[in-house]
Amino acid sequence: MRQPGPRPVVTGVGLVTALGLGKQTNLRAFLVGEHRFGVLTRPGRQHGEQYLGAEIPSLAADLPVAGRRHMGVAGEAAVAATEEAWAEAGLADQDPRRIGLVVGGSNLQQREMLCVRDRHADRPQYLSPTYAMRYLDSDICGLCSSHFSIQGGAWTVGGASASGQLAIIEATRMVQSGEVDACIALGALADLSHWELRALKSIGAMGSERFAELPGEACRPFDEARDGFIFGEACAAVVVESAQSARARGVYRWAEVAGWAVTTDGHRGPEPSAEGEAWTIGSALARAGVTAAQVEYVNPHGSGSVLGDATEVDALRRSGLTHAWLNATKSIVGHGLSAAGAVELAITLLQMREGMLHPTRNLERPIDGSLNWVYQRAVTAEVSHALCLSIGFGGINTAVCVRRCDD
Amino acid sequence: MTAYSWDEVLEVVRKNIYEVVPESDGRAIDPDDLLADLGANSVDRAEILTLSMEALSIMVPRSQMAGSASVRELVDGLRDAAARP
């Protein structure tokens, strides 16, 4: 059931995580299972408690001076990730009116805005007027479209922890519709404040109590001892373009976005659904014209959620994917929330090109030992078809199937 | 009410122009320069005004400052507001 219209392929990838700036830096660190988990130190993440997580390094030195003011962490990461993807895809030579941008995520700058408000809590009359533009997630769109020439449209899409994949799916649709020749999908950095951290912990989604004193062991997706996700700042940009355009320009094609699916379970809140996830997987594969047996590698949501991980394993079984290689990107860089889906697709593409799959940190006693896990050492693997999964609060399930471009 | 000298207020405004428009840092700011010519767009000008009011501990209604296109006009407006009881 191949889709009509231009065949969408990825021609640029940009990545920022706590491991560093750039895809090569990240790939090297991923393959040896490095991590940067610790106590979160960015101002606005404390308020009487300590929370575990991983924070990106300072990017100030890598960014242009003009417009650096009022960028915030999310803005800096967005520009850095987009810069890398943009440069790789050679978009500077292209007609800006044929380039679009979709930013995945909502309420992106909770911490930054909290800090701005706190600064003038007792003198509100001197609140910076820029707050009026910065509190909007679309400020990231404005920031990126001003740093790069993007005039084909830029907006945000929100799907909780599935936002990153939603952005990629929307970018793919934009290219398929012919409205733009290239569309950047940005999984934006979620700049959480202590309020979100506290609530995510108390709702039972975020860890860790069991490993509060051992940050390096707290993030353990699919392991029996997991007790919630661990937050990790990250941002990824993926350029989706028509295969025809990519060939004509002679740029590298990472993979084809062969299939995707977005579904909802029909209920509010964080509870996952194995049935919903399995249906999403099946839909994405059907759209791609790929059978479960052809999928060599799955990059799951794998957040470290007690219920979520078990549900996802159930869904993989129902979908006939027990043979596929499986690792958890979040075990290395944590849960990027709005960014996660894009980060994980970026890592999937990097692994496919490298012919190696990164380890899953802290996977000592997996939920289901019969699945084809990458444990604590990287493995070599030839992957032509990969499936990425993201699951968001509100029963939002997304799946993207990519096929390596061989010609 | 505070009596600031013209130069004191000019210094406050200059410092805030450099802060808000870092590309202008390093060039001399003349009182007759237009803020827009120094690279300050409308948002920048609103910020320069707010930061300057804060530094001088005064509050001026925006409508009163709306016409301040040059550094001189901004300094005059702020100084007058500071001098009022």
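Residues numbered from 1 in each chain as written. Chains lettered and ligands numbered in written order. Predicted model: local features only at pLDDT ≥ 70, side-chain atom pairs only at ≥ 80, totals over all residues. Heavy atoms only, no water.

Draft legend 1. A look at the sheet that holds strand β3 (residues 38-39) of chain A. Residue and element names in this part refer to chain A. The sheet built from three strands is open, its strands ordered β3-β4-β8 with mixed pairing. If you trace the sheet from one side to the other, it starts and ends with β3 and β8 (231-232), each paired once. Bridge count between strand β4 (residues 52-54) and β8: two bridges; the pairing is parallel. By the bridge assignment for β8, Gly53 is matched with Phe231. (Pairing = 2+ DSSP bridges. Helix = DSSP H or I, 4+ residues; strand = E, 2+ residues; numbered from the N terminus.)

Draft legend 2. A look at the environment of Val9 of chain B. Summarising the element assignment, Val9 of chain B is placed in helix α1 (residues 6-20). Once residues lying within four places of it in the same chain are set aside, the contact partners of Val9 of chain B are Tyr4, Leu56, Val75, Leu78 and Arg79 of chain B. (Contact = heavy atoms within 4.5 Å.)

Draft legend 3. Looking closely at the pairing of strand β7 (residues 182-187) of chain A. Residues and elements named next belong to chain A. With six of six residues buried, β7 is to be regarded as a mostly interior element. As defined by bridge partners, strand β5 (residues 99-104) adjoins β7 across six bridges and the pair is classed as parallel. Considered in β7, the bridge of Val102 is made with Ala185. When β7 meets strand β9 (residues 234-242), the two strands line up antiparallel, connected through six bridges. Directly across from Leu186, in β9, lies its bridge partner Ala237. (Buried < 20%, exposed > 50% of the residue type's maximum accessible area, 1.4 Å probe, protein only.)

Draft legend 4. Region of interest: the packing of helix α1 (residues 23-31) of chain A against helix α13 (residues 340-354) of chain A. Residues and elements named next belong to chain A. It is at 11 Å that the axes of α1 and α13 come closest, and there the two elements cross at 75°. Classed by the angle they form, the pair α1 and α13 counts as roughly perpendicular. Contacts between α1 and α13 involve Lys23, Gln24, Leu27, Phe30 and Leu31 on the former and, on the latter, Ile347, Leu350 and Glu354. Considered class by class, the residues forming the contact of α1 with α13 number five nonpolar, one polar and two charged. (Axes fitted to C-alpha atoms, helices over the stretch in contact; angles between N-to-C directions. Parallel < 35°, antiparallel > 145°, perpendicular 65-115°, else oblique. Nonpolar A, V, L, I, M, F, W, Y, C, P; charged D, E, K, R; others polar.)

Draft legend 5. Just the packing of aromatic side chains, in detail. Residues and elements named next belong to chain A. For the coordinates displayed, the defined rule picks out four aromatic pairs over all chains. Taking 5.4 Å as the distance between ring centres and 45° as the angle between the ring planes, the aromatic pair formed by Trp86 and Phe148 counts as tilted. Of this pair, Trp86 sits in helix α2 (residues 72-89) while Phe148 is found in the loop between α5 (138-147) and β6 (154-157), placing the two residues 62 residues apart along the sequence. As far as burial versus exposure is concerned, Trp86 and Phe148 are alike and both buried. Seen in terms of ring centroids, Tyr252 and Trp254 are 5.4 Å apart; in terms of plane orientation they differ by 75°. Their pairing is edge-to-face. Over the ring of Tyr252 we find Arg353; its NZ or CZ atom is 3.7 Å from the centre of that ring. The cationic tip of Arg353 hangs over the ring face of Trp254; the distance from NZ or CZ to the ring centre is 4.8 Å. (Phe/Tyr/Trp six-rings, centres within 6.5 Å; stacked < 30°, edge-to-face > 60°. Lys NZ or Arg CZ within 6 Å of the ring centre and 35° of its normal.)

Draft legend 6. Looking closely at the pairing of strand β1 (residues 8-17) of chain A. All names here are of chain A. For β1, a buried count of ten out of ten residues is recorded, marking the element as mostly surrounded by other parts of the structure. As defined by bridge partners, β1 adjoins β9 across nine bridges and the pair is classed as antiparallel. Bridged to Pro8 within β9 is Ser242. Bridge analysis of β1 against strand β10 (residues 255-264) gives two bridges, and the strand direction is antiparallel. When the bridges of β10 are listed, Val9 appears paired with Glu256. Direction of pairing for β1 relative to strand β2 (residues 20-21): antiparallel, over a ladder of two bridges. Bridge pairing in β2 places Thr17 opposite Gly20.

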